Amino acid sequence: MAEERSRRVFLSTSAALSAVALTGVPAGAEEPGDRGPGGAVRPQRPDPELRAILREIDEHRIEATVRRLAAFGTRHTLSSQTDPVRGIGAARDWIFAEMEKSAAKSGGRMTVELQSYLQPPAPPRIPVATTITNVVATLRGSTTPERVHVVSGHYDSRCSDPLDATKDAPGADDDASGVAVVMELARVLATRRPAATIVFAAVAGEEQGLFGARHLATSYKAAGTDVRAMFTNDIVGSSRADDGTRDPHTIRLFAEGVPTSETPAQADIRRAVGGENDSPSRQLARFVRSVAENDATGMSVRVVYRRDRYLRGGDHIPFLEQGYPAARFTEPHEDYAHQHQDVRVEDGKQFGDLPEFCDFPFIARVARVNAATLWSLATAPGAPEDVRIRTNRLTNDTDLVWRRGTDPDLGGYEVVWRETTAAEWTHVIAVGDRTEARVDLSKDNVFFGVRAVGKNGRRGPVAFPTPLS
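Since this is a predicted model, take the numbers as computed values, not measurements.

**Focus on the overall build of the protein**
Okay, so step 1: Secondary structure summary: the protein contains ten helices and 19 strands in total.
Okay, so step 2: Here the C-alpha atoms of the protein give a radius of gyration of 23 Å, agreeing with the 23 Å that 2.2 N^0.38 yields for 469 residues.
Okay, so step 3: Summarising its shape, the C-alpha atoms of the protein cover approximately 75 × 50 × 45 Å along the three principal directions.
Okay, so step 4: Across the 469 residues that make up the protein, the buried fraction comes to 56%.
Okay, so step 5: By sequence separation, contacts in the protein at least 24 residues apart represent 76% of the contacts at least 6 residues apart.
Okay, so step 6: Accessible surface for the protein amounts to roughly 19000 Å². Of this, 51% is attributable to carbon and sulfur atoms.
Okay, so step 7: In the protein, 59 side chains carry a positive charge and 64 a negative one; their mean positions are 4 Å apart.

Here's what the structure looks like:
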């Protein structure tokens, strides 16, 4: 019985599965969830470069952006595209000009484009053919530009009637706040040199049916773009709930479990291995918490195990539809008197999405969470590809294999594992620059993952394995 409870040595292997011994746990000790191979998973602390980036994020600039966008009166997708002072066209041109100012400081690494297309009528919210334009700034990576990470906010707005394109719809929280985050990130990061590419997108048509984001996502898919992560910031402007309570140091992150784009064959594998909590989007969410919950951001990230809020949706969904990992940042508690409302006073209460209801220091902290996440993703190696668990023999240990990445700064790999009831990865085992590992734990009892480590010590997102016969 003691032999059954004892742990075998952990083997980290090359193609020949050469042995590297790690200390086991004596017979009769705790179960694997308490102790086991490897050490404890720790958050990735911001280095001096990242801390400098986060210090540059300016809440006063963010406030100025939100107020300027609200001052266009309405940014409804069906509003004027030619009026120089009011409507979505004026907002589009201003955003483009501001993004170009940021790009001018990038030494040619950042380019800005107006991505336009003609949307045919799409009742009920697009009654006539309408030009929809995204403002897209792309900061090209210096060493692995093919890896792309996207952050977005939507610059269109609406009032109570989703088809009213003339009434005031300042859209300060929904979603000038998210656009302000994106524009501030573009300004701060334009002067930096990330290894991978970062895209800063202000998209339109969200309130009418996610049209701008869907065009952006399908364009990337058609071009074969390797989008490794997408985050939308939508309603990130206030820390105050409708009852007046405040939660100024928490941001919600919505991340789906079962992938939106899952095929029947993939569903069969998921059900067979129990991967409901290990989609690429959930791995992204775990990564966000590991790099963005710290004293430099001043924020806690509350991961919500849903694709979006109850029966609602946002601009990350078109990316999920294309099979890209994506998630949504949203304030901790919404105040529905200040979104999708006509500007009015009713029974002494002010309605409308006005700048006076925004918390600008809070938006700046949300921007820091985004910056920590994007910079960490773009300066670490990408998630390993083709990660598999060998199933050609019945054993009580687990063989993992993967394909070596091509990142120039790749330093090696780590195997992570956790109990099936744990939300986060708990244990990590360094295996070096190898493409196979044998772990002294049964694949029946725990979940495994593999992540890459750069020569700079930065760790990328975890990849969840699939079976290999």
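**A look at the sheet that holds strand β6 (residues 196-203)**
Okay, so step 1: Spatial strand order, β3-β4-β6-β5-β7-β10-β8-β9: eight strands in an open sheet with mixed pairing. The sheet is open, and its two borders are formed by β3 (110-119) and β9 (300-304), each paired with just one other strand. Pairs of neighbouring strands in the sheet enclose a mean axial angle of 25°, with direction left out of account.

**Digging into the pairing of strand β13 (residues 385-390)**
Okay, so step 1: Two elements, β13 and strand β14 (residues 398-403), share three bridges in a ladder whose sense is antiparallel. Within the sheet, the bridge partner assigned to glutamate 385 lies in β14 and is arginine 403.
Okay, so step 2: Where β13 meets strand β19 (residues 466-468), three bridges bridge the pair, whose relative direction is parallel. In the strand pairing of β19, arginine 388 is matched with threonine 466.

**As for the pattern of salt bridges**
Okay, so step 1: Per the stated rule, a full pass over the model turns up 41 salt bridges.
Okay, so step 2: Close ionic contact of glutamate 385 with arginine 228 constitutes a salt bridge, the shortest N to O distance being 3.3 Å. With glutamate 385 in strand β13 and arginine 228 in strand β7 (residues 226-233), this residue pair connects regions lying 157 residues apart in the sequence.
Okay, so step 3: Residue glutamate 385 is classed as partly exposed on the basis of its relative accessible area, which comes to 40%.
Okay, so step 4: The network of salt bridges with common partners includes Asp234, Arg252, Asp308, Arg309, Arg312, Arg328 and Glu334.

**So, the sheet that holds strand β2 (residues 39-40)**
Okay, so step 1: Spatially, four strands are ordered β2-β16-β15-β18 in an open sheet, and the strand pairing comes out antiparallel. Lying at the two open borders of the sheet, with one neighbouring strand each, are β2 and β18 (446-454).
Okay, so step 2: Bridge count between strand β15 (residues 410-419) and β18: nine bridges; the pairing is antiparallel. The residue bridging glutamate 414 from the neighbouring strand is arginine 451, located in β18.

**Quick look at helix α3 (residues 59-70)**
Okay, so step 1: Its twelve residues place the ends of α3 16 Å apart at the C-alpha level, agreeing with the 16 Å of an ideal helix rising 1.5 Å per residue.
Okay, so step 2: What α3 keeps buried is the set Ile62, Thr65, Val66, Leu69 and Ala70. Buried residues of α3, viewed axially, fall in a sector of 130°; they line one side.
Okay, so step 3: Packing partners of the buried residues in α3 comprise α4 (88-103), α5 (172-189) and α10 (360-379).

**A closer look at the packing of aromatic side chains**
Okay, so step 1: Per the counting criterion, the structure on display carries six aromatic pairs.
Okay, so step 2: Between phenylalanine 72 and tryptophan 94, the aromatic rings sit 6.5 Å apart at their centres with planes inclined by 55°, giving tilted as the arrangement. Highlighted residues: phenylalanine 72 in the loop between α3 and α4 and tryptophan 94 in helix α4, separated in sequence by 22 residues.
Okay, so step 3: For phenylalanine 72, a relative accessible area of 2% corresponds to the buried category.
Okay, so step 4: Summarising the aromatic geometry, the rings of phenylalanine 319 and tyrosine 324 are spaced 6.1 Å apart at their centres and angled 45° between planes, so their arrangement reads as tilted.
Okay, so step 5: Phenylalanine 319 gets classed as buried once you look at its relative accessible area, which sits at 0%.
Okay, so step 6: Take tyrosine 324: its relative accessible area is 7%, and that puts it in the buried class.
Okay, so step 7: Ring-pair connections join several aromatic residues into one group, and the members of that group are Tyr220, Phe319 and Tyr324.
Okay, so step 8: Taking the ring centre of phenylalanine 72 as reference, the NZ or CZ of arginine 68 above it sits at 4.1 Å.

**Thoughts on the packing of α4 against α5**
Okay, so step 1: Remark: α4 packs on α5, axes separated minimally by 8 Å, with the N-to-C direction vectors making an angle of 25°. By the angle between their axes, α4 is roughly parallel relative to α5. When you trace α4 past α5, the crossing you get is right-handed. Every residue of α5 that contacts α4 at Trp94, Ile95, Glu98, Met99 and Ser102 is listed here: Val179, Val182, Met183, Ala186 and Arg187.
Okay, so step 2: A class-by-class count of the residues in the contact of α4 with α5 yields seven nonpolar, one polar and two charged.

**Thoughts on the nonpolar core**
Okay, so step 1: Counting residues in each nonpolar core, the largest one holds 75 residues, and the members touching the most others are Ile57, Ile95, Met99, Phe200 and Phe231.
Okay, so step 2: With 13 residues, the single largest contributor to this core is α10.
Okay, so step 3: Non-local contacts of isoleucine 57, meaning those with residues more than four positions away in its chain, are made with Ile62, Glu184, Leu185, Val188, Ala364, Ala367, Arg368 and Ala371.
Okay, so step 4: In terms of nonpolar packing, the next biggest core, distinct from the first, is built from 18 residues, Val415, Trp417, Phe448 and Val450 among them.

**Overview of the environment of alanine 104**
Okay, so step 1: Note on placement: alanine 104 falls in the loop between α4 and β3.
Okay, so step 2: Residues alanine 104 and arginine 289, 185 residues apart in the sequence, show an inter-C-alpha distance of 32 Å.

**Thoughts on the side chain of arginine 158**
Okay, so step 1: Its location among the elements puts arginine 158 in the loop between β5 (144-154) and α5.
Okay, so step 2: Buried and without a salt bridge, arginine 158 has glutamate 207 as its closest oppositely charged side chain, separated by 4.9 Å.
Okay, so step 3: Discounting residues that sit within four places of it in the chain, arginine 158 has contacts with His76, Arg125, Ala169, Glu207 and His340.

Cut-offs used in this document
- Residues numbered from 1 in each chain as written.
- Predicted model: local features only at pLDDT ≥ 70, side-chain atom pairs only at ≥ 80, totals over all residues.
- Heavy atoms only, no water.
- Helix = DSSP H or I, 4+ residues; strand = E, 2+ residues; numbered from the N terminus.
- Rg over C-alpha atoms; globule rule 2.2 N^0.38 Å.
- Buried < 20%, exposed > 50% of the residue type's maximum accessible area, 1.4 Å probe, protein only.
- Contact = heavy atoms within 4.5 Å.
- Areas by Shrake-Rupley, 256 points an atom, 1.4 Å probe, with all protein chains shown as cover.
- Lys, Arg positive; Asp, Glu negative; His and termini not counted.
- Charge placed at Lys NZ, Arg CZ, Asp CG, Glu CD.
- Pairing = 2+ DSSP bridges.
- Axes fitted to C-alpha atoms, helices over the stretch in contact; angles between N-to-C directions.
- Salt bridge = Lys/Arg side-chain N within 4 Å of Asp/Glu carboxyl O.
- Expected span 1.5 Å × (residues − 1).
- Arc of directions from axis to C-beta.
- Phe/Tyr/Trp six-rings, centres within 6.5 Å; stacked < 30°, edge-to-face > 60°.
- Lys NZ or Arg CZ within 6 Å of the ring centre and 35° of its normal.
- Parallel < 35°, antiparallel > 145°, perpendicular 65-115°, else oblique.
- Left-handed = near helix turned anticlockwise from the far one by under 90°.
- Nonpolar A, V, L, I, M, F, W, Y, C, P; charged D, E, K, R; others polar.
- Core = buried A, V, L, I, M, F, W, Y, C linked by side-chain atoms within 4.5 Å.

None of the figures reported here should be taken as evidence of function without further support.
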